[in-house]
Structure formats: C-alpha cells, structure tokens
Amino acid sequence: MAKAKLLNAIQSVNAHGDKAFVPYIMAGDGGLKTLKSKILFLQAAGVTAIEIGIPFSDPVADGPTIQKAGERALANGTTLRSILQELETFYQEVSVPLVLMTYYNPLLNYGLEQFAEVCDKLGIAGLIVPDVPLEESELLKSLLIKTDVALVQLVSLTSSPERMEKIVAAGEGFIYAVTVNGITGVRDRFDDQLEKHLKQLKDVSPVPILAGFGISTLEQVKSIGSLADGVIVGSAIVEAFHRTELEKIKELIEASKKVLN
C-alpha cells in the first residue's frame, strides 16, 4: 500500500500555500459520544488531519492538560476497543485523515493483528506510538504493511544527525518533530536550536515535517508553522473543547493559513 492518505492531505494543503494543522483530541474526554461531534466540527473547520488520543494510565509524554483529559476519559470507562467501536458507527462520514496516538500496552492488550485489521477497515490514516522507538517498530510495521496506515516516527531535539537520517528514512505520512525536551503542554518559549533543528529535518526528510508539543497560541502556530510543513496542537485544543471554547479552536486553525516559509 502507498500509505498515501495522510501524506497527500498534508502536501495538498502545502501546495495551496497553507500549513498543515493537526489538532489532538482525547477520545472519551467529555464522554465517548462526543467523539463524533468533535471530529465533524474539526473537519468542517478545515483541519488537515485529526490526532485521536487513546487514554492510558501511564502516559510518558503527556503534560498536565492531556493527562487530566486522559484521566477523565478513563473514569468514563473509555478503552481502545470502545473507541474503535464508536468510530465504526460514523467513520464513513469522515473525510479528513484520522491518526491514532496510543502507547504500546493498549495495542498489545487489544491484539496487534486485529488492531491493524480494524484500523484498515475504518480507514485510519496514521498511527503514533511514542513509546516504540524506531529499533523496536518492525513488528508493528510488518502488520501495517498491507494497510494504508502510516506509522509516524518522532524525532526529538536531542537526536543526532545520524539518528535523524535513520528515522526520516523510515518516515511514513509525516515526521513528528518534537519541539521541546520534555512532555506536552503550553510553553512561553522554545529552544534556541529549534529553527536549526527543523531546517535540518526538512533538508533530509522525504515526507513533510510537522512540529508538535507546546504549540498553543496563534503566534506560535504562525511562527513555528513557518519553520515546518505544519503544526500539531494538543493541550490548547483539549482545554478549549473542555471549556466549550469552539471559537478559540477556529482561530488556531485559521492561524495556519497562508503562513510564509
């Protein structure tokens, strides 16, 4: 399979002079029945793709806002199985690519082969598993090879040039460029080396570079978006949905339009 759905969506947005905007939402936060309305709202608002977080009891990369959202989702009884079952009820109404973000344990508990089959059936376009490094990703890749699900790789600020090249060579869909050394969450400032880091990635990557972690304001969407092919916004979106601040979400999405390199 070409793993093309996610890649094409990002490249199409870039070709029109805009930056990709990928919001992160936590499935089950506010109740699993809100998942459909959130996805269709974001789709109508013009996002490039949607990252759907799977709640997990021991998240290693999540900051306070997303951790709390995950705790609320788990308290509602949300599981990977129930999320996929809910997606099955409306996935044919979704045209924007969906990317699942999960840790490895829920996948192992669900069953890797069955998970790959269900993702393929539901048209899932991408998968992010932050606790599976490149060296341990072969099993997942082998199961996803017959599907159009792109296994998205993450690159940190501390990655050496040699490791960076290895990761981007395995890139599918896009490369997730982590913009901070630490967990997700709102940041006032970013590392001075970020611009150089993103430029190095863009120079060697055959797939688009999307920057994520800590991007939460209109100014950050524009400034960091100008250094990459797009941005991923998590905590600010999760909090806005929690507070029902839908106009704030629309403003963040609009900030990704016509951002110059």
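Residues numbered from 1 in each chain as written. Predicted model: local features only at pLDDT ≥ 70, side-chain atom pairs only at ≥ 80, totals over all residues. Heavy atoms only, no water.

## Looking at the UniProt feature "active site" (unreviewed entry) in the chain
Item 1. On the UniProt side, "active site" (unreviewed entry) is annotated at positions that read E51 and D62 here.
Item 2. Here E51 lies in strand β2 (residues 50-53).
Item 3. Taking relative accessible area as the criterion, E51 reaches 3% and is therefore assigned buried.
Item 4. Those residues in contact with E51 that lie beyond four places of it in its chain are V22, P23, Y24, I25, V99, M101, I128, Y176 and I232.
Item 5. Secondary-structure assignment places D62 in the loop between β2 and α3 (64-75). (UniProt positions renumbered as here; feature names shortened; annotations may be inferred. Helix = DSSP H or I, 4+ residues; strand = E, 2+ residues; numbered from the N terminus. Buried < 20%, exposed > 50% of the residue type's maximum accessible area, 1.4 Å probe, protein only. Contact = heavy atoms within 4.5 Å.)

## Describing the sheet that holds strand β5 (residues 150-151)
Item 1. Spatial ordering of the open sheet is given by β5-β4-β3-β2-β1-β9-β8-β7-β6, a layout of nine strands whose pairing is parallel. The sheet is open, and its two edges are formed by β5 and β6 (153-155), each paired on a single side.
Item 2. Bridge count for strand β1 (residues 20-26) against strand β9 (residues 230-233) is four bridges, and the pairing is parallel. Directly across from P23, in β9, lies its bridge partner V233.
Item 3. Against the sheet, helix α10 (residues 218-225) touches β1, β8 (209-212) and β9, its axis set at about 145 degrees to β9. (Pairing = 2+ DSSP bridges. Axes fitted to C-alpha atoms, helices over the stretch in contact; angles between N-to-C directions.)

## Examining the packing of aromatic side chains
Item 1. Applying the stated criterion across every chain yields a total of five aromatic pairs.
Item 2. With centroids separated by 6.0 Å and ring planes inclined at 75 degrees, the aromatic side chains of F41 and F241 adopt a geometry described as edge-to-face. On the criterion of sequence distance, the pair formed by F41 in helix α2 (residues 35-45) and F241 in helix α11 (residues 235-242) is long-range, its members being 200 residues apart.
Item 3. Their ring planes at 40 degrees and their centres at 6.4 Å tell us that F174 and Y176 sit as a pair that is tilted. Of the two residues, F174 and Y176, neither departs from the other in class, the shared state being buried. (Phe/Tyr/Trp six-rings, centres within 6.5 Å; stacked < 30°, edge-to-face > 60°.)

## Points about the pattern of salt bridges
Item 1. Inspection of every chain in the model, using the stated rule, returns 10 salt bridges.
Item 2. When the shortest N-O distance is used, the salt bridge between R243 and E239 registers 2.7 Å.
Item 3. Note on E239: relative accessible area 24%, which makes it partly exposed. (Salt bridge = Lys/Arg side-chain N within 4 Å of Asp/Glu carboxyl O.)

## Some details on empty space enclosed by the protein
Item 1. Within this structure, the stated rule accounts for three cavities of 30 Å³ or more.
Item 2. Considered as a void within the structure, the second largest cavity measures approximately 60 Å³ in volume.
Item 3. Together, I128, V129, V132, S137, L140, L151, V152, Q153 and L154 line the second largest cavity. (1 Å grid on protein atoms, 1.4 Å probe; cavity = no way out; pocket = protein on both sides within 12 Å on 5 of 7 lines; lining within 4 Å. Points joined across faces, edges and corners; volume = space filled by probe spheres on them.)

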